[in-house]
Amino acid sequence: MKTNAPRPAHRWPIRITHWVNLFAMVCMFMSGWEIYNASPLFDFRFPPQITLGGWLGGAIGWHLAVMWLLALNGLCYLLWSLFSGHFRHDLLPLRIATLRQDLWQALTLRLQHRHGHYNSIQKLMYLGVLLLGLLLVLSGLAIWKPVQLSWLVALFGGFDIARYLHFFAMAAIGLFVVIHLLMVILVPRTLWAMLTGGQREE
């Protein structure tokens, strides 16, 4: 028997993987900063108060342990998104004309938000952060196992370049997180929807 129950804005697999991803990313950032501090690429270091692990060995242990949680969580999200139609219905298609229109509305503070619907800017950001995540994984593997995965290191153009790519991909995801948090502050009801599922607005 069919019911007319409203469809949630965010189904439970999205909510679970979202919050697991939040925990994992915080741990990955903080432990990664401690690893960076041991051999910095630039003329600065991250304050020890925002790092995780206490020393290089401890940070690597945290980084590798949480890496598996992040990878499993990401795999669950990808498989569910593919088989449930989430990618096809919610994140695609992404059209240039619609993106231009949404960008203009965002710049003029007229872009509307409907629960359960992604505008073109959100689609671009979510698809972009998935690609950045893939770059992080591949460059991280090249850094972690440079001898065993020498072909991957060569694909990146060398170990040092892989380190820079890993760092800049991390920074880009950090920027995504900042923008994401700003959007939550501007539209706080989206936080409740990610906790409870909310109601899809037609």
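Residues numbered from 1 in each chain as written. Predicted model: local features only at pLDDT ≥ 70, side-chain atom pairs only at ≥ 80, totals over all residues. Heavy atoms only, no water.

## Thoughts on the overall build of the chain
Link 1 in the chain: The number of helices and strands found in the chain is eight helices and zero strands.
Link 2 in the chain: The helix and strand sequence of the chain, counted from the amino end, reads α-α-α-α-α-α-α-α.
Link 3 in the chain: Taken along its principal axes, the extent of the C-alpha atoms in the chain is 55 × 40 × 35 Å.
Link 4 in the chain: Pairs at least 24 apart in sequence give 65% of the contacts found in the chain among residues at least 6 apart.
Link 5 in the chain: Element-wise, carbon and sulfur atoms account for 72% of the exposed surface of the chain, whose accessible area totals about 13100 Å².
Link 6 in the chain: Here the chain carries 15 positive and 7 negative side-chain charges, and the mean point of each set is 11 Å from the other. (Helix = DSSP H or I, 4+ residues; strand = E, 2+ residues; numbered from the N terminus. Contact = heavy atoms within 4.5 Å. Areas by Shrake-Rupley, 256 points an atom, 1.4 Å probe, with all protein chains shown as cover. Lys, Arg positive; Asp, Glu negative; His and termini not counted. Charge placed at Lys NZ, Arg CZ, Asp CG, Glu CD.)

## Structural notes on the UniProt feature "transmembrane region" (unreviewed entry) in the chain
Link 1 in the chain: Listed under "transmembrane region" (unreviewed entry) in the UniProt record, and renumbered for this structure, are residues 12–33, 53–80, 124–144 and 164–187.
Link 2 in the chain: Note that residues 53–80 is 89% helix and 0% strand, and that its end C-alpha atoms are spaced 33 Å apart.
Link 3 in the chain: Secondary structure content for residues 164–187 is 96% helix and 0% strand, and the end C-alpha separation is 35 Å. (UniProt positions renumbered as here; feature names shortened; annotations may be inferred.)

## Some remarks on the domain arrangement of the chain
Accessible area lost on assembly of the parts is the figure often given for the size of an interface.
Link 1 in the chain: Taken domain by domain, the chain holds domain 1 (10–92) and domain 2 (95–108 + 116–201).
Link 2 in the chain: A straight line from the C-alpha centre of domain 1 to that of domain 2 covers 12 Å.
Link 3 in the chain: Across the boundary between the two partners, domain 1 contributes 24 residues, which contact 23 residues of domain 2.
Link 4 in the chain: Around 2100 Å² of area is buried between domain 1 and domain 2 when both sides are counted, 72% of it from carbon and sulfur atoms.
Link 5 in the chain: Sorting the residues of domain 1 by area buried against domain 2 places His-10, Leu-41 and Leu-91 first, and these three jointly supply 30% of that buried surface. (Domains from an automatic or database assignment. Buried area = accessible area lost by both parts, 1.4 Å probe.)

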